[in-house]
Amino acid sequence: MTDQNAELDAALERVVEAARAHLAAVKAAAGRIDDDDVWQAYVDLNNASFAYDEKLLDAFGEVTPWDVESIDPDEADQRFGLGAGDFGPEGATDPYPQVISVRQRRDYRVPSVGALLRVAEAARRSSVPDDEDPGPVESVGEAVLELLQAGDGSLSSLDVPELEPLDGLLTVTEVPEPLDLEAFEDSDGSGPFAPREGELLVGRLDEHPFLPDEEEDHAGHNH
């Protein structure tokens with residue numbers, strides 16, 4: 001039993017060392033996605049935890065709360081396309097032959113044109129130097145475009161009281177070729193979105209805005 005206890009102590013020490021190494025790798029990566037050192041440290045920590053759990057079970061019939069399975073580092077690298085220098089398109093071992101196109105439409109009602117123009121003009125003034133005249137916002141469409149430009153094109157920039165969201169939808173489509181902006185005139189707003197031969201619609205998500213009474217109903221439920 002003494003030898004078995006010594007093996008357990010050593011296995012636990014490996015877990016502690018692996019956990020410290022994993023934390024050090026995570027700190028060094030500073031949020032970098034798909035960092036190879038973080039991945040390797042993760043595998044080491046996983047396998048050290050698995051080995052300790054197995055030894056604890058064999059010795060005393062007890063287990064840890066860590067629900068892990070052993071990972072073969074070589075097999076994992078091949079499965080996920082990971083490894084030193086294997087990140088990105090050039091190192092991918094299983095490149096996807098299609099391009100994924102995400103297209104979104106959301107409609108809005110304008111309760112007050114004057115209020116929308118005022119909030120758009122405020123957004124325009126904030127984006128130009130104080131000594132320049134930003135000029136007036138003269139139409140509803142121009143106002144919406146101004147809000148989008150102020151929000152770097154994000155639809156979240158249209159979440160303002162001056163716009164009432166209506167139904168919308170989002171589609172995910174497999175397309176054979178990526179979008180070529182030069183193939184469409186600046187005035188062509190439908191061509192880039194029109195379905196083409198060889199495209200495959202994967203799925204569609206319908207968006208329905210909550211009405212005020214519906215929001216109150218949802219507020220009373222925990223999900």
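Heads up: the structure comes first, above all this text.
Cut-off values and rules
Counting of residues starts from 1 at the beginning of each chain's written sequence and follows it residue by residue. Per-residue local features are limited, in this predicted model, to residues with pLDDT of at least 70; the limit for side-chain atom pairs, both in listing and counting, is 80 or more; totals at the level of whole chains, interfaces and linings are taken over all residues. The basis for every side-chain value is the complete set of heavy atoms in the structure, and neither hydrogens nor water enter the calculation. Secondary structure is summarised from DSSP: a helix means a run of H or I of at least four residues, a strand means a run of E of at least two, and numbering begins at the N terminus for each. Helix span, expected: 1.5 Å multiplied by one less than the number of residues in the helix. Exposure classes here rest on a 1.4 Å probe applied to the protein chains alone. A residue is buried below 20% of its type maximum, exposed above 50%, and partly exposed in between. Every residue pair with non-hydrogen atoms within 4.5 Å of one another is taken to be in contact. Two aromatic rings, drawn from Phe, Tyr or Trp (for Trp, its six-membered ring), form a pair once their centres lie within 6.5 Å of each other, and the interplanar angle then sorts them: stacked below 30 degrees, edge-to-face above 60, tilted otherwise.

Engineer: Help me out: how do you make sense of helix α1 (residues 2-29) in this one?
Structural biologist: In an α-helix, one turn spans 3.6 residues, which is why side chains three or four residues apart end up on the same side. When the terminal C-alpha atoms of α1 are compared, their 41 Å separation across 28 residues agrees well with the 40 Å that a helix rising 1.5 Å per residue should span. Three or more residues of α1 are buried, namely L8, A11, V15, A18, H22, A25 and A29. In this structure, the buried side of α1 is in contact with α2 (36-60). At the exit of α1 stands A30, carrying a positive phi of roughly 55°.

Engineer: Would you explain the packing of aromatic side chains in this entry?
Structural biologist: The description of two aromatic rings rests on the distance between their centres and on the angle between their planes. For the structure shown, the criterion picks out two aromatic pairs. Relative to Y42, the ring of W39 lies with its centre 5.8 Å away and its plane at 20°, an arrangement referred to as stacked. Here Y42 and W39 lie together in helix α2, a separation of three residues that amounts to about one turn. Of the residues examined, W39 reaches a relative accessible area of 15% and is grouped as buried. Given a relative accessible area of 40%, Y42 falls into the partly exposed group. With a centroid separation of 6.1 Å and an interplanar angle of 45°, the aromatic rings of Y52 and W66 are classed as tilted. One end of the pair, Y52, is in helix α2; the other, W66, is in the loop between α2 and α3 (73-80), and 14 residues separate them in sequence. A relative accessible area of 36% means that W66 is categorised as partly exposed.

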